[in-house]
Amino acid sequence: EPEVTQTPSHQVTQMGQEVILRCVPISNHLYFYWYRQILGQKVEFLVSFYNNEISEKSEIFDDQFSVERPDGSNFTLKIRSTKLEDSAMYFCASRESPGGGSYEQYFGPGTRLTVT
Amino acid sequence: RKEVEQDPGPFNVPEGATVAFNCTYSNSASQSFFWYRQDCRKEPKLLMSVYSSGNEDGRFTAQLNRASQYISLLIRDSKLSDSATYLCVVRDSSYKLIFGSGTRLLVRP
């Protein structure tokens, strides 16, 4: 069964450093998402991406964040200068084309980001 | 008011019990409704979509009341493996998912 993959599974970084979280969505999907979950809190939407551009972003997704689809398979989230409060689980999700009947978003296993 | 509100629990029930979770949402324009299951430190996984007519999948029954903006999940004959956090999730008109904080279920032997 096709699945969304994410690397690394755990990233430890120092405050102020740049990190790139990587995702490989399901191959025929066209809509991509990043969500985050701070420990003990709810899952929160960060950004959606379609046709090589951001469709929507939340208030959390400020200028420190950026997303990119550098090639036909990867979807990345970059945090330019990490803060302690960026420590969280980051989930990538993908969804198939708008013509598909399913709105289901398939989630990757997540990357645990720890900022020290 | 929170966009999606759930009782955090935990619900601690014996195996075989029936347990019900409730959820309310604030945006009447919400398009689709789901229950996800999340195990500790894992990704959310879709348990079932929720339809206006109500729907059942084995031991799980979901109901939606659009007028009251209320969603429910009923689990019958609880198994130990049902222990998890159950997330009420709403999709808005832009297709992003809005999650509740989750209700934790512990099923004991």
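Cut-offs applied
- Residues numbered from 1 in each chain as written.
- Chains lettered and ligands numbered in written order.
- Predicted model: local features only at pLDDT ≥ 70, side-chain atom pairs only at ≥ 80, totals over all residues.
- Heavy atoms only, no water.
- Disulfide = S-S within 2.5 Å.
- Helix = DSSP H or I, 4+ residues; strand = E, 2+ residues; numbered from the N terminus.
- Buried < 20%, exposed > 50% of the residue type's maximum accessible area, 1.4 Å probe, protein only.
- Pairing = 2+ DSSP bridges.

Participant: Residue-level account of the state of the cysteines, with values.
Facilitator: Residues and elements named next belong to chain A. Tallied over the entire structure, the rule returns 2 disulfides over all chains. A disulfide bridge connects Cys 23 with Cys 92, and the sulfur atoms are separated by 1.9 Å. Its S-S torsion of approximately -65° makes the covalent link between Cys 23 and Cys 92 left-handed. Of this pair, Cys 23 sits in strand β3 (residues 19-24) while Cys 92 sits in strand β9 (residues 88-95), placing them 69 residues apart in sequence.

Participant: How would you summarise the pairing of strand β8 (residues 75-79) of chain A if you had to cite specific residues and measurements?
Facilitator: All names here are of chain A. Most of β8 sits out of view: 4 of its 5 residues are buried. Where β3 lies against β8, 5 bridges are found, and the strand directions are antiparallel. Residue Val 19 lies in a different strand from β8, and its bridge partner there is Ile 79. One ladder, built from 4 bridges, connects strand β7 (residues 65-68) with β8; its direction is antiparallel.

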